[in-house]
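For reference, the chains in residue letters:
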Amino acid sequence: MAVIDIANPTRFLKLVDRLLPWLAAATVLMFVYGLNGALHAPDDYQQGATVKIMFLHVPSAWLGMFGWALMSVAALGTLVWRHPLADVAAKAAAPIGAAFTFLCLVTGSLWGRPMWGTYWVWDARLTSVLILFLLYLGVLSLYWTAEDPGRGARAAAILALVGAVNIPIIKFSVDWWNTLHQPASIFRMGGSTIDPSILHPLFAMAIAFTLLFVTLHLAAMRNEILRRRVRAMRLMQAQQLAEASS
Amino acid sequence: MNLGPHADFIIAAYAVAIFVVAAMTAWIVLDYVTQRRILDDLEERGITRRSHRTGKGAP
């Protein structure tokens, strides 16, 4: 099957039906491995056992941003090529990305209280992630409240592209401004500053969460394609009823 | 395993994560079951998509 064939929703559904059980199994196995590593990882010399919250917080933050980046690329597909699968991909990614961003904010607050002495501070990193969450809610409200799905999709695509500006702001906020949030410690010039005994389970959890994101996203895309078929068939049913009564 | 003096915060973080992931998964699975049931119901009533009537594989 050529890559271009997957752009056909019917072929895409067949591919998803075949892939989903394998992806779900890989996700579960990776979570078992990752959680085992996370729970047995040594305490950090400064954070103590609260470092275990990082195994949830960091992957959630990455996937919150990844979800928006995915929506931005899909937005180009919606606005430039008007491909229906591009809008399906963006709409399916929005609630999943919002959930991961929410998880990032909550786990960050639960880590911040014992470490910083506060659940929340209006520094650049925390505020820009909160803005990302609000942008997600904005996109979801556009999708869920638009009477015409096509207009809702175009409005959501424009918001996704405008909101993409926030992604580099989140990433570099700790370098551009003086923040309470620590600077980059994993992907940085000169290598990671984290000990391998903590870094390895962190990567395992990041892979597990990424597999979860991909699995849920493909399943949500399948649901969205089916929902559009239901809508089309109901319109056809209404048309048939109107023709029969006239 | 000793979670130290901040065990409540660690347990709360993992509890929230489990709840959010479980809720998201359940919502997607239930949505699939619902859409599938509606589609099957419509097809039973003889309503088919245009692509099915013409025999083409397009959506």
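Rules and cut-offs
Residues numbered from 1 in each chain as written. Chains lettered and ligands numbered in written order. Predicted model: local features only at pLDDT ≥ 70, side-chain atom pairs only at ≥ 80, totals over all residues. Helix = DSSP H or I, 4+ residues; strand = E, 2+ residues; numbered from the N terminus. Buried ≥ 20, exposed ≤ 12 C-beta atoms within 10 Å, placed from the backbone. Contact = placed C-beta atoms within 7 Å. Nonpolar A, V, L, I, M, F, W, Y, C, P; charged D, E, K, R; others polar. Expected span 1.5 Å × (residues − 1). Bend = angle between axes of the 7 residues up to and from the residue. pLDDT = per-residue confidence, 0-100. Core = buried A, V, L, I, M, F, W, Y, C linked by C-beta atoms within 7 Å. Axes fitted to C-alpha atoms, helices over the stretch in contact; angles between N-to-C directions. Parallel < 35°, antiparallel > 145°, perpendicular 65-115°, else oblique. Left-handed = near helix turned anticlockwise from the far one by under 90°.

**Student:** Got a sec to walk through the overall build of chain B? Specific residues and values, please.
**Tutor:** When helices and strands are counted, chain B shows two helices and zero strands. Expressed as a percentage of its 59 residues, the buried residues of chain B come to 10%.

**Student:** Give me the lowdown on the overall build of chain A, citing residues and values where you can.
**Tutor:** From N to C terminus, chain A includes seven helices and zero strands. Reading chain A from its N terminus to its C terminus gives the helix and strand order α-α-α-α-α-α-α. Burial statistics for chain A: of 246 residues in total, 38% are counted as buried. Contacts in chain A between residues far apart in sequence, at least 24 positions, make up 77% of those at least 6 positions apart.

**Student:** Explain the interface of chain A and chain B to me, and be specific about the residues and the numbers.
**Tutor:** Taken together, the contact pairs 34 residues of chain A with 28 residues of chain B. Within the residue set of the side of chain A that touches chain B, elements represented by two or more residues are α1 (9-40), α2 (51-81), α3 (84-116) and α7 (196-245) of chain A. Examining the composition of the side of chain A that touches chain B, we find that 14 residues originate from one element, α7(A), more than from any other. For the side of chain A that touches chain B, the per-class residue count stands at 22 nonpolar, seven polar and five charged.

**Student:** Now, about α3(A): what can you tell me, with residues and values included?
**Tutor:** All names here are of chain A. Its 33 residues give α3 an end-to-end C-alpha distance of 46 Å, which sits within 8% of 48 Å, the value for a rise of 1.5 Å per residue. Its maximal kink placed at Ala94, α3 deviates by approximately 30 degrees, while the proline Pro95 follows within four residues. Where burial is concerned, most of α3 is hidden: 26 out of the 33 residues are buried. One or two positions beyond α3, positive phi appears at Gly117, with a value near 85 degrees.

**Student:** Describe in detail the confidence of the model for chain B, supporting the description with residues and values.
**Tutor:** Residue and element names in this part refer to chain B. When pLDDT is averaged along chain B, the result is 86; 83% of the residues meet or exceed 70. Throughout residues 55-59 the model reports pLDDT below 50, and contacts reaching past four residues in sequence, or to other chains, amount to eight contacts. Overall fold confidence for the complex sits at a pTM of 0.91, while the interface term, ipTM, reaches 0.90.

**Student:** How would you summarise the nonpolar core if you had to cite specific residues and measurements?
**Tutor:** Grouped burial of nonpolar side chains is what soluble globular proteins tend to show. Of all hydrophobic cores here, the largest spans 67 residues; its most connected members are Ile53(A), Met71(A), Ala89(A), Ala90(A) and Ala93(A). The set of elements that each furnish at least two residues to this core consists of α1, α2, α3, α4 (124-145), α5 (149-163) and α7 of chain A together with α1 (7-44) of chain B. Tallying contributions element by element places α3(A) first for this core, with 17 residues. Contact partners of Ile53(A), with chain neighbours within four places excluded, come to Thr107(A), Leu110(A), Trp111(A), Phe9(B), Ile10(B) and Ala13(B).

**Student:** Lay out the packing of α4(A) against helix α6 (residues 166-176) of chain A in plain terms, naming residues and giving numbers.
**Tutor:** All names here are of chain A. Direction vectors running N to C along α4 and α6 enclose 160 degrees, while the axes themselves pass 8 Å from each other. Taken together, the axes of α4 and α6 lie roughly antiparallel to each other. In this structure, α4 meets α6 at a crossing whose hand is left-handed. Counted together, Ala124, Arg125, Ser128, Val129, Ile131, Leu132 and Leu135 of α4 and Asn166, Ile169, Ile170, Ser173 and Val174 of α6 form the full contact between these two elements.

**Student:** An account of unusual backbone geometry is requested, with residue identities and associated values reported.
**Tutor:** Both trends apply: most residues other than glycine have a negative phi, and most peptide bonds are in trans. A positive phi angle, close to 55 degrees, is found at Arg82(A), a residue other than glycine. Relative to the assigned elements, Arg82(A) resides in the loop between α2 and α3.

**Student:** Break down α4(A) for me, with residues and values.
**Tutor:** Each turn of an α-helix holds 3.6 residues, which means side chains three or four residues apart point in the same direction. With 22 residues, α4(A) extends 31 Å from end C-alpha to end C-alpha; this agrees with the ideal 32 Å at 1.5 Å per step. Among the residues making up α4(A), those that are buried are Arg125(A), Leu126(A), Ser128(A), Val129(A), Leu132(A), Leu135(A), Tyr136(A), Val139(A) and Leu142(A).

**Student:** I'd like to hear about the environment of Ala146(A), residue by residue, with values.
**Tutor:** Residue and element names in this part refer to chain A. Looking at the secondary structure, you find Ala146 in the loop between α4 and α5. Along the sequence, Ala146 and Asp44 sit 102 residues apart, while their C-alpha atoms lie 48 Å from each other. In contact with Ala146, not counting residues within four places along its chain, are Arg151, Gly152 and Ala155.

**Student:** I'd like to hear about the environment of Glu147(A), residue by residue, with values.
**Tutor:** Position of Glu147(A) relative to the elements: it lies in the loop between α4 and α5. Linking Glu147(A) and Thr127(A), residues 20 residues apart in sequence, is a C-alpha distance of 32 Å.

**Student:** Describe the packing of α7(A) against α1(B), with residues and values.
**Tutor:** As a packed pair, α7(A) and α1(B) sit with axes 9 Å apart at the nearest point and diverge in direction by 30 degrees. Considering the angle they form, α7(A) stands roughly parallel to α1(B). Judged by the sense of rotation from one axis to the other, the crossing of α7(A) with α1(B) is left-handed. For the pair α7(A) and α1(B), the contacting residues are Leu212(A), Leu216(A), Ala219(A), Ala220(A), Arg222(A), Asn223(A), Leu226(A), Arg227(A), Arg229(A), Val230(A), Met233(A) and Gln237(A) in the first and Val21(B), Met24(B), Thr25(B), Ile28(B), Asp31(B), Tyr32(B), Gln35(B), Arg36(B), Ile38(B), Leu39(B) and Leu42(B) in the second. By residue class, the composition of the contact of α7(A) with α1(B) is 14 nonpolar, four polar and five charged.

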